[in-house]
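# Inside the fold
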Amino acid sequence: MAQQFNPQNIKKRTSVLVFIKGSTAPLVLYVENAEELYNELLSAMKSATPKLIEKETSGPLKKTAFVSNQIAALAIQEEQFAG
């Protein structure tokens, strides 16, 4: 028997996409406050001094590190999922 669609089971989660120079796919970072992380990384990109950034996340990537001067672009992504 097919499972019925229940719109009440649809949830949203937000992630920050970090595009690293020379990489084909972005890092997808699931965090509690995506806007705060986005602004933190944006400030690091604007800084003239490269900085090592290390983050723990709640998604498939549990821990990641990269250098701020290697960030090519940032984005905030909202996605829906059944939960």
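The structure this text deals with has already been given above.
What you are looking at is a predicted structure, and each value in this text was computed from that prediction instead of being measured.

## Description of the environment of Ile 53
In this fold, Ile 53 is placed in strand E3 (residues 52-56). Residues Ile 53 and Val 67 lie 14 residues apart in sequence; the distance between their C-alpha atoms is 5.9 Å. If near-sequence neighbours (up to four positions away) are discounted, Ile 53 is found in contact with Leu 41, Ala 44, Thr 64, Ala 65, Phe 66, Ser 68 and Ile 71.

## Section: the sheet that holds strand E1 (residues 10-20)
Strand order in the open sheet formed by three strands is E2-E1-E5, with antiparallel pairing between adjacent strands. With partners counted over all chains shown, the strands left at the sheet margins are strand E2 (27-30) and strand E5 (71-82), one partner each. Pairwise comparison of adjacent strand axes, ignoring direction, gives a mean angle of 30° for this sheet. Each of E1, E2 and E5 is contacted by helix H1 (residues 34-46), which is oriented at about 170° to E5, the strand it contacts most.

## A look at the pattern of salt bridges
Under the counting rule described, the total for this entry stands at five salt bridges. It is possible to trace a salt-bridge network through shared partners that takes in Glu 54, Glu 56 and Lys 63.

## Re the environment of Thr 49
Note on placement: Thr 49 falls in the loop between H1 and E3. Here Thr 49 falls in the exposed class, since its relative accessible area comes to 55%. The spacing of Thr 49 and Ser 23 is 26 residues in sequence and 22 Å in space, taken between C-alpha atoms.

Conventions adopted
Residues numbered from 1 in each chain as written. Predicted model: local features only at pLDDT ≥ 70, side-chain atom pairs only at ≥ 80, totals over all residues. Heavy atoms only, no water. Helix = DSSP H or I, 4+ residues; strand = E, 2+ residues; numbered from the N terminus. Contact = heavy atoms within 4.5 Å. Pairing = 2+ DSSP bridges. Axes fitted to C-alpha atoms, helices over the stretch in contact; angles between N-to-C directions. Salt bridge = Lys/Arg side-chain N within 4 Å of Asp/Glu carboxyl O. Buried < 20%, exposed > 50% of the residue type's maximum accessible area, 1.4 Å probe, protein only.

By themselves these figures say nothing about function.
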